[in-house]
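The lines below spell out each chain.
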Amino acid sequence: QMEEHQSTRSPLSLFWVSGPGSGKGTQCANIVEHFGYTHLSAGDLLRAEIKSGSENGTMIQNMIKEGKIVPSEVTIKLLKRAIEENGNDKFLIDGFPRNEENRAAFESVTGVQPEFVLFFDCSEEEMEKRLLGRNQGREDDNIETIRKRFKVYMESSLPVIEYYSAKGKVKKIDATRPVGEVFEAVKAIFTKAWLDEACVSSLDFFP
Ligand SMILES: Nc1ncnc2c1ncn2[C@@H]1O[C@H](COP(=O)(O)OP(=O)(O)OP(=O)(O)O)[C@@H](O)[C@H]1O
Ligand SMILES: Nc1ccn([C@H]2C[C@H](O)[C@@H](COP(=O)(O)O)O2)c(=O)n1
Ligand SMILES: [Mg+2]
């Protein structure tokens, strides 16, 4: 059982919840370079855990192959460690929260609420085409696993987007467009968020 609210730091975090193959990994380098966020992909952390030969490795590998969501306790421990080991105070957390359990557990363990939630809207047809053409040797880039991942996305991840949408926190981008156009839309959102933040700080300064 993880202790709650262990960390004294309260970094700014953004969640990035979108369908498999919608283009998150492709856009992250640009966001890191232009806006200074540290990109943390829950999927990458889980894959690294498999490679490291950890005791959970086989369980994680089997779940990823089946397109299932790994128990929150495991994923949050990895995210929390990555945040604590990093000196940055701005994190873009990709592929998380994937379901209601992920969301509620992260909140109760870290006490952190996302500033906003980035949502790449992309058709299933386009995402399937992209995943089948990805060619990065991922064990879940096969049509059987892809179909399972889409089902889990619809049933478990979309409700999380709806949850944040009701709180006015979702920034939606049409991700079906070419990479450059998607980045232009991303840039507009991050620039606005940056200006809003600067505005709040200057109000603090000149009350
Ligand atoms: N806007 C785009 N137009 C066409 N192809 C794209 C676009 N964005 C990404 N791709 C391609 O689609 C594939 C999947 O992209 P990427 O790995 O970035 O998706 P992802 O959202 O991170 O997926 P996952 O959730 O499975 O990690 C890659 O081969 C990438 O080159
Ligand atoms: N919060 C998460 C994130 C990812 N996973 C597992 C299940 C996913 O299908 C797989 C790949 O993730 P991706 O790289 O596509 O973001 O990793 C999870 O269980 N929980
Ligand atoms: Mg990815």
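A quick note: this is a predicted structure, and the numbers were derived from the prediction, not measured. (Residues numbered from 1 in each chain as written. Chains lettered and ligands numbered in written order. Predicted model: local features only at pLDDT ≥ 70, side-chain atom pairs only at ≥ 80, totals over all residues. Heavy atoms only, no water.)

Caption draft 1: Representation of helix H3 (residues 57–65) in the model. The complete set of buried residues in H3 reads Gly-57, Ile-60, Met-63 and Ile-64. Buried residues of H3, seen end-on, are gathered within an arc of 135° and therefore sit on one face of the element. In this structure, the buried side of H3 is in contact with helix H2 (42–51), helix H4 (72–85) and helix H7 (143–166). Gly-67 occupies a position one or two residues after H3 and carries a positive phi of about 70°. (Buried < 20%, exposed > 50% of the residue type's maximum accessible area, 1.4 Å probe, protein only. Helix = DSSP H or I, 4+ residues; strand = E, 2+ residues; numbered from the N terminus. Arc of directions from axis to C-beta. Contact = heavy atoms within 4.5 Å.)

Caption draft 2: The site of ligand 1, seen in detail. The local shell around ligand 1 holds 16 residues, among which Gly-21, Lys-24, Thr-26, Arg-134 and Arg-177 are the closest. Within the contact set of ligand 1, an oxygen atom lies 2.9 Å away from a backbone nitrogen or oxygen of Gly-25. Contacts to ligand 1 include Arg-134, whose side-chain N or O atom sits 2.8 Å from an oxygen atom. Summarising the interface, the protein chains cover 78% of the accessible area of ligand 1, which totals 630 Å² for the free molecule. Among the cavities detected, the one that contains ligand 1 is the largest pocket. Of all elements in the fold, only helix H1 (24–35) and helix H6 (124–132) reach the threshold of two or more residues within the shell around ligand 1. It is H1 that provides the largest number of residues to the shell around ligand 1, a total of three residues. Its residues placed into classes, the shell around ligand 1 shows four nonpolar, six polar and six charged. (Near = heavy atom within 4 Å. Polar contact = N/O pair within 3.5 Å; in protein donor to acceptor, adjacent residues only side chain to side chain. Areas by Shrake-Rupley, 256 points an atom, 1.4 Å probe, with all protein chains shown as cover. 1 Å grid on protein atoms, 1.4 Å probe; cavity = no way out; pocket = protein on both sides within 12 Å on 5 of 7 lines; lining within 4 Å. Sits in = over half its atoms within 2 Å of the grid points. Nonpolar A, V, L, I, M, F, W, Y, C, P; charged D, E, K, R; others polar.)

Keep in mind these values describe shape, not function.
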